[in-house]
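What follows is the residue order along each chain.
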Amino acid sequence: MIKLSNFPFSTLKTAPKVSENRSTSLLLQGSYIRQVMAGAYEFLPIGYRVLKNIENIVREEMDRAGYHEMLMTILTPRELWEVADRWEIPEYFKVPAWGNSEYRISPTNEENVTNIMNEFIQSYKDLPTCVYHIQKKFRNEKRAKSGLLRGREFLMKDAYSFHRDIEDFDRFYESVKDVYLRIFDRLGLGADTYIADADGGAISDKNSHEFQVKLEIGEDTIYKCKKCGACQNDELVDEEKGFECIECTSKDFETFAASEVGNIFHLGTKYTKPFGISYLDENNKMVNHVEMGCYGIGVSRLMGVMAEYFMRDKGIAWPENVAPADYYIIVLGEENLEKAEELALDLEKTGKSVILDDRMGKKFGFGQKAGDCELWGIPNRIVISKKTLEQGGYEILRRGEKELIVKI
Ligand SMILES: [Zn+2]
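Just so we're clear, the structure is a prediction, and the values are computed from it rather than from any experiment. (Residues numbered from 1 in each chain as written. Predicted model: local features only at pLDDT ≥ 70, side-chain atom pairs only at ≥ 80, totals over all residues. Heavy atoms only, no water.)

**Describing the pattern of salt bridges**
Our working definition: The salt bridge criterion pairs a side-chain nitrogen of Lys or Arg with a carboxyl oxygen of Asp or Glu, the two atoms within 4 Å. Only DSSP runs of H or I reaching four residues or more are called helices, and only runs of E reaching two or more are called strands; each is numbered from the N terminus. Exposure categories follow from relative accessible area, calculated using a 1.4 Å probe and restricted to protein chains: below 20% of the type maximum is buried, above 50% is exposed, and the middle band is partly exposed.
The final tally for this structure, using the stated rule, is 27 salt bridges. The partner of Glu111 in a salt bridge is Arg86, and the shortest N-O contact between them spans 2.8 Å. Placement of Glu111 in helix 4 (residues 110-120) and of Arg86 in the loop between helix 3 (78-83) and strand 6 (94-96) is noted, with a sequence separation of 25 residues between them. For the pair shown, Glu111 and Arg86 are each scored as buried. Here Lys251 and Glu244 are joined by a salt bridge, their closest N and O atoms 3.0 Å apart.

**Examining the nonpolar core**
To keep things clear, this is the line we draw: Residues belong to a common nonpolar core when they are buried Ala, Val, Leu, Ile, Met, Phe, Trp, Tyr or Cys residues joined through side-chain atoms within 4.5 Å. Where a domain begins and ends is set by an automatic assignment or by a domain database. Residues are treated as being in contact if the distance between any of their heavy atoms lies within 4.5 Å.
Counting residues in hydrophobic clusters, the biggest one holds 63 residues, and the most contacted among them are Tyr32, Phe184, Leu187 and Trp318. If you tally residues by element for this core, the top one is helix 5 (residues 166-186), at 8 residues. Of the domains in this structure, domain 1 (22-309) and domain 2 (325-407) are the two that each give at least three residues to this core. Among residues more than four places away in sequence, those in contact with Trp318 are Leu27, Tyr32, Val50, Met303, Met306, Ala307, Phe310, Ala323, Pro324, Trp376, Gly377 and Arg399. Counting 18 residues, the second largest nonpolar core, distinct from the first, contains Leu127, Val131, Phe162 and Met292.

**Things to note about the coordination of the zinc ion**
This is how the line gets drawn: For Na, K and Ca the donor cut-off is 3.2 Å; for every other metal, N, O and S atoms count as donors within 2.8 Å. Water does not enter the count, which can leave sites looking incomplete. Every geometry call rests on angle ranges, with four donors termed tetrahedral when all angles are between 85 and 135 degrees, four termed square planar and six termed octahedral when opposite donors are over 155 degrees apart and all others are between 65 and 115, and everything else termed irregular.
Bound to the zinc ion are the protein donor atoms Cys225 (SG), Cys228 (SG), Cys245 (SG) and Cys248 (SG), situated 2.3 Å from the metal. Coordination at the zinc ion comes from 4 donor atoms whose angles at the metal span 103 to 117°, giving a geometry best classed as tetrahedral. Sequence spacing of the donors to the zinc ion: C-x2-C-x16-C-x2-C. Of this pair, Cys228 sits in the loop between strand 12 (220-225) and strand 13 (231-233) while Cys245 is found in the loop between strand 13 and strand 14 (253-268), placing the two residues 17 residues apart along the sequence. With a relative accessible area of 40%, Cys228 lands in the partly exposed category. A relative accessible area of 2% places Cys245 in the buried class.

**Details of the packing of aromatic side chains**
The following threshold applies: Ring pairs are drawn from Phe, Tyr and Trp, using the six-membered ring of Trp, whenever the two centres fall within 6.5 Å, and their geometry is named by plane angle: stacked under 30 degrees, edge-to-face over 60, tilted for the rest.
Inspection of every chain in the model, using the stated rule, returns 16 aromatic pairs. Consider the rings of Phe7 and Trp376, whose centres lie 6.3 Å apart with planes at 85°: the pair is edge-to-face. Pair noted here: Phe7 is in the loop between strand 1 (2-3) and helix 1 (22-29) and Trp376 is in the loop between helix 8 (366-375) and strand 20 (380-384), with a separation of 369 residues, a long-range link. Considered together, Phe7 and Trp376 belong to a single accessibility category, that of buried residues. With a centroid separation of 6.0 Å and 65° between ring planes, the pair formed by Trp81 and Tyr92 is classed as edge-to-face. Of this pair, Trp81 sits in helix 3 while Tyr92 sits in the loop between helix 3 and strand 6, and the two are 11 residues apart along the sequence. Taken as a pair, Trp81 and Tyr92 share a single burial class, namely buried. These aromatic residues form a ring-pair network of at least three members: Phe7, Phe9, Tyr328 and Trp376.

Structure representation (structure tokens):
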């Protein structure tokens, strides 16, 4: 458990004014994060708990779907990036090394994964397969802004799938949409998450889909067909001809701002061809056509989007499965410490995580403690004081409910 009497990462009295969104101010005020430079943040203990909780939900759903987790390198050799001609991309970092060698710190891992799967995909029995990892990524952004939303360094889940043919790929691609929607559902974003047709950009030559969360500060504009509900990114809307629905050709639309939390791409043979992946089919014949897809979720970015989405007046009302702790125990009066610790241990025995606010002294009255609980968005608040003990126990306040006295 975290005991706040010995926890250096205290909150700030007021939210620092940053030019970015208000949720970034709250994340700074709550000492969830600190900025090292534009686009790069340290995750402090409270913030890292949130990040890990989000990461674990993403991981659980990847594993449930049968994708295999691995861990590829951040540092990659220039030669690997030359295979599919992606060394010269200004948004991707290069680092000089000894002699004439140069490395890249990875912005994405198509090259790594295709290179390694080239060794392990030998037979038609090895297909289809999907691997993923969750790791720091780096982009040489010209302008890094918006707190966790657009970083030069960020945590990302990237998955890669390999298939015999386009039919198998298409089936799989559709199933990933369900896996993703389930993740955003579990994170409490389901009602405002939209799948939008998008432009593949530098990763893919083909079209792709984005998962967009409706958000006032969102940097993307989504066009939603009023007739069939299909969505597309404004990059795909023809400037001269205007909107025409990709699904039903209706020209009737509404627009809203949204923030991207995930994307999926069809890569075709863009990487599998130059890396020369081949396998033996049922007739022992060599086949050198393998379809590939990639699937990203920006985990640290997702934390930024969730902070904005769940932001309230004085804090971030994280969903229970993401909050830094399940319970926040406010103890008032030194003489009640022992009772509070007992309760905290009991809760931990049932698998709950606890922050015990055992700070004493004039500075740490009920207001300060309740404020920190709200800033950190802990869903269950317990108060133990002389008054509650006189009433027979402790007071519990579950988010969205009324205070209640529980007997000890
Ligand atoms: Zn339509």
